[in-house]
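# Chains, contacts and geometry: an overview
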Amino acid sequence: MKQQASFDQSRLRPGKLLRLAVAGGLYALAVGQGSFTAQETLLKAQDAPVRTNRWSDPKTWGGHVPGRRDVVVISGKTVILDRNATVAGVVIKSNGVLRFQSSASRTLRSTGNVVVRGQLVMRPDGPTRVHRLIFVDVLERRFVGGGTNPLDSDVGLWVMGAGKLDLLGANRTAWLRTTGGLRVGATSVLLKFGPRGWRVGDEVLIAPTARGDYTPEVSTISGISGARVRLSTGLSKAHPLGPDGERVEIANLTRNVRIEGQDFSHRSHVFIHNTVPVKHTIKNVAIRYMGPRKINPLNGRAEGVLGRYPFHCHINGTNLSGQIYSGIVVRDSGNNGFNAHESDGITLRDDIVYNWTAKRQDGDGETAGAFTWDVDTETNHSLWDHNLVAYAIPAKITRYGGFQLGSGTGNVIKNSVAFGMWDRSQASGFEWPESNPAGVWGFGTGNVAHNNRHGIFVWQNSSKDHVISNFVGYRNLSAGITAGAYHNCYLYRDTRLADNGRFALHDRALSKDRCGPKFKLRFVRIVMDGGRSRSAHALSISRFGSASSQPVLYLDDEFKGYSTAAVLLDGTENANRSPHIDFVHARVGAAGADMRPSDITIINPPAGTVIRIQSQDDAWAKQYTPAKGWVDIPPFW
């Protein structure tokens with residue numbers, strides 16, 4: 001029997017307890033502070049023994065199966081969702097479990113919050129079963145954002161206290177690469193390995209790889225034979241190999257466990273805030289139409305709501321340490337992707353963010369990254385392994401990165417790829433953001449950025465020794481690497497930058513004095529190849545920081561594929577700053593000849609500028625100053 005509260009709303013104040021008599025007991029709800037509006041009915045799963053605890057059984061609820069206006073409270077029981085349902089919200093108490101029927105496809109729609117303090121289980125028993133939790137009729141303009149507690153206005157999935165998610169979809173290989181390029185009209189692709197779990201009807205994403213292309217294609221699988229995948233329609237454009245034979249990324253976007261908003265105008269969010277150690281299972285899950293946006297009345301622009309992200313681990317400390325979240329697809333997001341804010345020890349592996357919108361960054365500590373956490377806060381011992389960021393929806397934000405590498409210690413990113421971050425002047429595949437303190441990341445295995453504005457964008461003034469190695473950046477619009485901001489201690493080494501737009505490398509920093517002689521700003525064994533773009537210069541040095549006693553070192557680097565000169569040093573914006581640059585054992589041109597003064601174009605050098613060159617065999621060296629020009633000097637290295 002449905003119980004409906006009757007009361008005079010005008011007499012209620014925020015913080016006042018509203019007592020609702022419902023089947024099974026009397027419940028108190030704090031008006032303005034709870035997870036529901038006072039007009040809604042609370043229905044509790046009965047503690048009295050019943051033969052089954054099926055959602056469809058009236059006995060489970062004291063005589064009334066929940067409907068669209070009911071808020072469901074599950075306490076002391078496991079309830080099996082054995083039918084599709086629509087409700088006004090769900091609360092799973094610490095001793096309650098809501099389990100989707102594993103042997104069937106089931107959908108739960110909610111117009112209000114789903115708050116998990118017990119367990120939510122979505123484990124279909126086969127790849128053809130689909131479990132969906134969908135938030136419907138959500139009003140993004142009502143979102144408040146911020147804080148830790150569930151808000152009625154901020155409708156989403158809230159995992160609180162000791163709450164646990166047990167979400168396990170069918171195994172699918174997240175993404176692979178092709179064996180070759182793809183032509184216009186191609187109806188099949190040959191992958192390097194046969195994918196696990198890919199099925200006819202799955203959506204797949206094909207990375208852009210042609211120069212000037214930043215948008216992936218999405219198609220549907222019509223057939224699979226080993227590593228050969230047939231597509232339902234021919235490709236609308238070519239996807240060639242990279243300049244050094246880099247293969248095309250293909251990602252599977254389909255999962256059979258899904259947490260979703262309704263559409264691009266009714267987005268929701270996932271918020272995980274465990275106050276005790278918890279072991280979630282979150283694997284092979286699709287998260288779609290999440291990350292709400294609303295108009296900022298101060299500037300009239302749509303912005304992502306603070307703290308309401310598609311997948312947000314919020315101030316969990318070490319309570320999630322050791323968790324591995326894998327095979328997750330976040331797509332069609334209005335606000336970043338994965339945010340691990342002060343939540344240590346999390347591994348994100350084989351995860352994908354596609355078609356996301358960067359949150360605005362107006363100097364107030366907000367972040368902008370598909371993988372990120374809040375700037376100026378620390379998260380430690382994270383591992384991001386074999387993840388992919390594919391395409392950011394254009395938004396009015398100056399700086400953002402597919403992977404934004406924030407503050408903390410012991411963090412590692414490897415084998416990850418970013419493409420499609422291109423629309424703003426400082427958009428990039430990988431970004432070290434302007435923050436204090438600056439995080440030092442392990443960045444030395446298999447990371448690739450192509451078809452972005454910048455492959456890597458660093459904007460830090462850090463005395464810590466950062467190492468970026470074994471990176472590949474190709475066909476980025478501005479540069480493979482843009483290294484700023486003014487002075488730091490970064491080491492870039494064993495990296496290939498090919499067929500990028502304006503420059504292979506744009507150095508916008510000098511060494512920091514506090515680095516010490518061993519840890520100056522260094523570029524070691526970098527291949528800077530203009531490739532088919534035939535940019536005027538392979539390396540640009542400009543807008544650098546104040547003078548430093550430690551020179552910037554370019555050691556064993558290779559410069560080729562340019563049309564004018566290997567290096568451009570432009571001091572136009574730096575009249576009071578004096579760069580000191582050393583080129584040691586540089587190779588230029590296709591033949592790998594010694595760098596000569598003619599290989600460096602110098603414009604408006606500040607008075608204290610010093611540039612030195614030393615030959616590959618250490619037989620000679622030359623030095624440039626504005627006062628004397630080029631002169632012979634003894635070898636200095």
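Please refer to the structure higher up on the page.
Conventions adopted
Residues numbered from 1 in each chain as written. Predicted model: local features only at pLDDT ≥ 70, side-chain atom pairs only at ≥ 80, totals over all residues. Heavy atoms only, no water. Salt bridge = Lys/Arg side-chain N within 4 Å of Asp/Glu carboxyl O. Helix = DSSP H or I, 4+ residues; strand = E, 2+ residues; numbered from the N terminus. Buried < 20%, exposed > 50% of the residue type's maximum accessible area, 1.4 Å probe, protein only. Pairing = 2+ DSSP bridges. Core = buried A, V, L, I, M, F, W, Y, C linked by side-chain atoms within 4.5 Å.

Moving on, we get to the pattern of salt bridges. Counting across every chain of the model gives 25 salt bridges. A salt bridge links Glu140 to Arg267; the shortest N-O distance between them is 3.2 Å. In this pair, Glu140 sits in the loop between strand E12 (131-135) and strand E13 (157-161) while Arg267 sits in the loop between strand E21 (257-260) and strand E22 (270-274), placing the two residues 127 residues apart along the sequence. The same class applies to Glu140 as to Arg267, namely buried. For Glu558, the salt bridge identified is with Arg587, shortest N-O distance 3.6 Å.

What follows covers the pairing of strand E36 (residues 399-404). Counting buried positions along E36 gives 6 out of 6 residues, so the element sits mostly inside the fold. Bridge count between strand E33 (residues 369-372) and E36: 2 bridges; the pairing is parallel. If you follow Phe371 over to E36, its bridge partner there is Phe403. Where E36 meets strand E39 (residues 426-432), 5 bridges bridge the pair, whose relative direction is parallel. Bridge pairing in E39 links Gly401 to Ser428.

The next subject is the pairing of E12. The element E12 is largely enclosed, with a buried count of 4 among its 5 residues. Across 5 bridges, strand E9 (residues 106-110) lies against E12 in parallel orientation. Note on E12: the bridge partner recorded for Thr107 is Arg132. Strand direction decides the pairing type here: E12 and E21, joined by 4 bridges, are parallel. Following the sheet pairing, Arg132 is matched in E21 by Arg258.

Attention shifts here to the nonpolar core. One finds Trp55, Leu157, Phe559 and Phe583 to be the most contacted residues of the largest nonpolar core, which totals 108 residues. Val204, Leu235, Ala251 and Phe419 belong to the second largest nonpolar core, which has 31 residues in total.

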